[in-house]
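Reading the structure
The lines below spell out each chain.
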Amino acid sequence: MPKVVIVGAGPTGATLALLLARRGISVTLIEAARDFQRQFRGEGLMPSGLDALAQMGLDSLLQTVPHRPLSAWEFWLNDRRLFRADEPLGSARPCTLVSQPPLLEALVQAAQSKPGFEWMAGTAVKDLLWNAERVVGVHLANGRTVEADLVIGADGRASVIRQRAELDLKTQPKSIDVLWFKLPAPEGYEADNRFCTVVKGGRVFSLFHGAEEGKMHLAWAISPDEPTEQKDWAATFATLVPPEFVAHFRAAGDAIAPPIRLSVLVGRCPRWHRPGLLLIGDAAHPMSPVRAQGINLALRDAIAAANHLIPILKTANPSALDPTALDRALVRIQAEREPEIIQAQKLQAHEASRGEMLRRFGNLRQGLSAFSPVVGPLVKRVWIQQQQPLREGITLAQLEV
Ligand SMILES: Cc1cc2nc3c(=O)[nH]c(=O)nc-3n(C[C@H](O)[C@H](O)[C@H](O)COP(=O)(O)OP(=O)(O)OC[C@H]3O[C@@H](n4cnc5c(N)ncnc54)[C@H](O)[C@@H]3O)c2cc1C
């Protein structure tokens, strides 16, 4: 049986490993971290991502993991609400916050019940193993080597696999970092979990109730060169949040944990493959956090990869594996997924630029805010229409194997 090595057990690597293992393919999943409790993992799943999990037969697994649907999206300019749009905005499912560490753990556990699946955690891949022009395995930081017929780099935006394969990454100019705060949620927020985007006082930020019980998240956009000296965040937020949250932030004080600074990298590899090697997920196309796209696209990448790879890898013995057929499949995977990635990154940039325009132009913000009862419904209609591709996906991702 041909052997696959997947590097990185984020949403991309963990789901693809499960899909391959379920079809009886021999797969080793290598993850640098010892467990999934890393400081930060995004939580927002759009209907397209939820649909991808359902296609993988993981609906019931999702029910075992902490998750919370969003009730609505709200946009606040200065102290006035421009509009509120209730989920599911015409979709079959509402956007849902899913706690990633238990989800990834459950995916790996499900794969571990399949023969031929091997799990290596706490071991970073540091290099590729080559046979002339072909990748034939990986070198681990602990000195071991793992050979494979196909190596899949699902090791995220700083991908070592991408660097070692000398696959170029074209990045967009860096425009923001995000400071991520967690604090206790106000009473009653859970029952009406609005994702509030606020533009006020030269700032753009978002707040929502996360998947975890009783936890509010606040994502604060800053420019990449802006220092983040310790300050009284609660007092700062109390001057900016929608009026209904002011008292909560005034009282929050020490309950706000120090933020995690996340640098946002957006880009795309012109080429996702070498003979014997494929990049998918953020390794091939690091995504911005705007409108929660990265996990959803990662899951859809895993579907496309499974569709193209499983029929070729299901050959009984490695000597029957046609490497050129495998390499042609890698080309097809990129060709199938690239149009959606390009379009999603464009739409994300468009959403971000509108926020930036409102942040920079106080008069525009003031005007929209003053006339929100009149312009709000119109802006809401246009916004909902524009969300459809970001919610439902842009191209077809149907699991066929
Ligand atoms: C601030 C912020 C918020 C976001 N919020 C959301 C959101 O709400 N919804 C959404 O859909 N997207 C969100 N995203 C994007 C999303 O996080 C990514 O697109 C998504 O995680 C990509 O999944 P992945 O599996 O490709 O990579 P990752 O999730 O980055 O997983 C890669 C894995 O590879 C492992 N790894 C790395 N190097 C090695 C190595 N050398 N050897 C072995 N293992 C290795 C890592 O430990 C990691 O577990 C956000 C991004 C940012 C920056």
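Keep in mind that what you see is a predicted model, and the values were worked out from it rather than measured.

The next thing to look at is the sheet that holds strand S17 (residues 215–222). Ordered by their spatial adjacency, 7 strands build an open sheet running S6-S5-S15-S16-S17-S14-S18, and the pairing between neighbours is mixed. Edge positions in the sheet fall to strand S6 (80–86) and strand S18 (260–263), since each of these pairs with one other strand and no more. Sheet twist, expressed as the mean angle between neighbouring strand axes with direction ignored, is 20 degrees. As defined by bridge partners, strand S14 (residues 177–184) adjoins S17 across 8 bridges and the pair is classed as antiparallel. Opposite Leu-179, over in S17, you have Trp-220 as the bridge partner.

Moving on, we come to the domain arrangement of the protein. Taken domain by domain, the protein consists of domain 1 (3–172 + 265–392) and domain 2 (177–263). Computed from C-alpha atoms alone, the centre-to-centre distance between domain 1 and domain 2 is 26 Å. Taken together, the contact pairs 25 residues of domain 1 with 24 residues of domain 2. Looking at the side of domain 1 that touches domain 2, the elements that each hand over two or more residues are strand S4 (67–69), strand S5 (72–77), strand S7 (96–98) and helix H9 (323–360). Top contributing element to the side of domain 1 that touches domain 2 by residue count: S5, with 6 residues. When grouped by side-chain class, the residues that make up the side of domain 1 that touches domain 2 number 13 nonpolar, 6 polar and 6 charged.

As a structural note, the neighbourhood of the ligand is formed by 34 residues, with Gly-8, Gly-10, Gly-42, Gly-281 and Gly-294 the closest of them. For the shell around the ligand, the secondary-structure elements that each account for two or more residues are helix H1 (11–22), strand S2 (26–31) and helix H8 (294–313). Broken down by element, the shell around the ligand gets its largest block of residues, 4 residues, from H8. For the shell around the ligand, the class distribution of residues is 19 nonpolar, 11 polar and 4 charged.

What counts, and where the lines are drawn
Residues numbered from 1 in each chain as written. Predicted model: local features only at pLDDT ≥ 70, side-chain atom pairs only at ≥ 80, totals over all residues. Pairing = 2+ DSSP bridges. Helix = DSSP H or I, 4+ residues; strand = E, 2+ residues; numbered from the N terminus. Axes fitted to C-alpha atoms, helices over the stretch in contact; angles between N-to-C directions. Domains from an automatic or database assignment. Contact = placed C-beta atoms within 7 Å. Nonpolar A, V, L, I, M, F, W, Y, C, P; charged D, E, K, R; others polar. Near = placed C-beta within 6 Å.

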